Amino acid sequence: MKSHLIDEILETVWVAHEDGRPEAATLEVKCRHDVGEFDLQACLQEMEVAGLLVLKEGRVDFTDEGRTRARNIIRRHRLAQRLLMDVLDVSEIESEEMACQFEHFLSEEVTDKVAAFLGYPRVDPNGRPIPSGAPGEETIELVKPLITRLTRLSVGERARVAFLTPSFHQRFDRLVAFGINPGVVLDLHQRTPAYVVRVGETELALDPEIADEIYVRPLT
């Protein structure tokens, strides 16, 4: 069996347990990227022989090894989808498809850094829990993301511009012309009706749509 197929089946079994329906007969592998055609019931038996699953009276349960591997792939998938939707504004459908690919190659180190970047989110975009990583991570409470949108700052906060995600290139050029470049420090003075920021001695008013495309690292 391909490693990707094993991962997809483990992921499916994990979700079935979350839903309280870990019956072998009702499992359905939804993410089939790069796995080809396969006989699910035969694969389940093969994975039992490999020591990843336990099949008994129609139920599918994990061995310790299978649960650990399933937990890690679920964590990679859900964090990848949060990153794609929260930071890059990728649609839910597209982010789900991309997360199905990212989950197979993200290293543990990169996954941990994505979690820290996002502020250790507890749930994915669909409200399903994201398994914690290193011991103690589950006890971290209310951590702010390292990078956030300008529109999520409070009035009076200072932040350093991290990157820009303009909807079109002309807007990028305009922001750069105003002095809003990655690395620049700005202060938020006003949120409504427009976002007003001070960059050096210059004060700029930004439409909410444009301000939402500016990502910053809070300094205060």
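Residues numbered from 1 in each chain as written. Predicted model: local features only at pLDDT ≥ 70, side-chain atom pairs only at ≥ 80, totals over all residues. Heavy atoms only, no water.

### Examining the overall build of the protein
Where we set the bar: The numbering of helices and of strands both runs from the N terminus, where a helix is a DSSP run of H or I of at least 4 residues and a strand a run of E of at least 2. Radius of gyration here uses only the C-alpha atoms, and the compact-globule reference equals 2.2 Å multiplied by the residue count raised to the power 0.38. Pairs of residues are marked as contacts when any of their non-hydrogen atoms sit within 4.5 Å. A 1.4 Å probe and the Shrake-Rupley method give the accessible areas. Residues count as covered only by the protein chains that appear here. Think of it this way: Lys and Arg go in the positive column, Asp and Glu in the negative one, and His and the chain ends go nowhere. Note on charges: their place is set at NZ of Lys, CZ of Arg, CG of Asp or CD of Glu.
Counting its secondary structure elements, the protein contains seven helices and eight strands. For the protein, whose C-alpha radius of gyration is 22 Å, the value lies well above the compact-globule estimate of 17 Å for 220 residues. With the C-alpha coordinates aligned to their principal axes, the bounding extent of the protein is approximately 70 × 35 × 30 Å. Of all intrachain contacts in the protein linking residues separated by at least 6 positions in sequence, the fraction that spans at least 24 positions is 63%. Surface summary for the protein: the accessible area is close to 12,100 Å², and the carbon and sulfur share equals 52%. Separation between the mean location of the 26 positive side-chain charges and that of the 39 negative ones in the protein comes to 5 Å.

### A word on the pattern of salt bridges
Note the following rule: Whenever a carboxyl oxygen of Asp or Glu lies within 4 Å of a side-chain nitrogen of Lys or Arg, that contact is scored as a salt bridge. Using a 1.4 Å probe on the protein chains alone, a residue whose accessible area is under 20% of its type maximum counts as buried, one over 50% counts as exposed, and one in between counts as partly exposed.
Scanning the entire structure with this criterion turns up 14 salt bridges. The partner of D19 in a salt bridge is R128, and the shortest N-O contact between them spans 3.0 Å. Of this pair, D19 sits in the loop between α1 (3-18) and α2 (40-49) while R128 sits in the loop between α5 (108-118) and β3 (148-149), placing them 109 residues apart in sequence. By relative accessible area, which is 45% here, D19 ends up partly exposed. Taking the shortest distance from any N to any O, the salt bridge between R198 and E203 comes out at 3.4 Å.

### Some words on the side chain of S95
Applicable threshold: Two N or O atoms count as a polar contact when they lie within 3.5 Å, although within protein this holds only if one can serve as hydrogen donor and the other as acceptor, and sequence-adjacent residues are included solely when both atoms are side-chain atoms.
Tracing the chain through its elements places S95 in helix α4 (residues 92-102). A polar atom in the side chain of S95 sits 3.2 Å from the side chain of Q81. Those residues in contact with S95, other than ones at most four positions away along the chain, are Q81, L84, M85 and V90.

### Describing unusual backbone geometry
Residue P193 is bonded to the preceding T192 through a cis peptide linkage, with omega at -5°. Within the secondary structure, P193 is located in the loop between β5 (185-190) and β6 (195-199). Not every positive phi belongs to a glycine, and E57 is a case in point at roughly 50°. Checked against the element boundaries, E57 lands in the loop between β1 (53-56) and β2 (59-62).

### A short note on the environment of H104
Secondary-structure assignment places H104 in the loop between α4 and α5. Residue classification places H104 among the buried positions, given a relative accessible area of 17%. Sequence separation of H104 and P22 is 82 residues, and the distance between their C-alpha atoms is 23 Å. Sequence-distant contacts of H104, defined by excluding residues within four places in its chain, comprise H4, D7, E8 and I73.

This is a description of form; function is not addressed.
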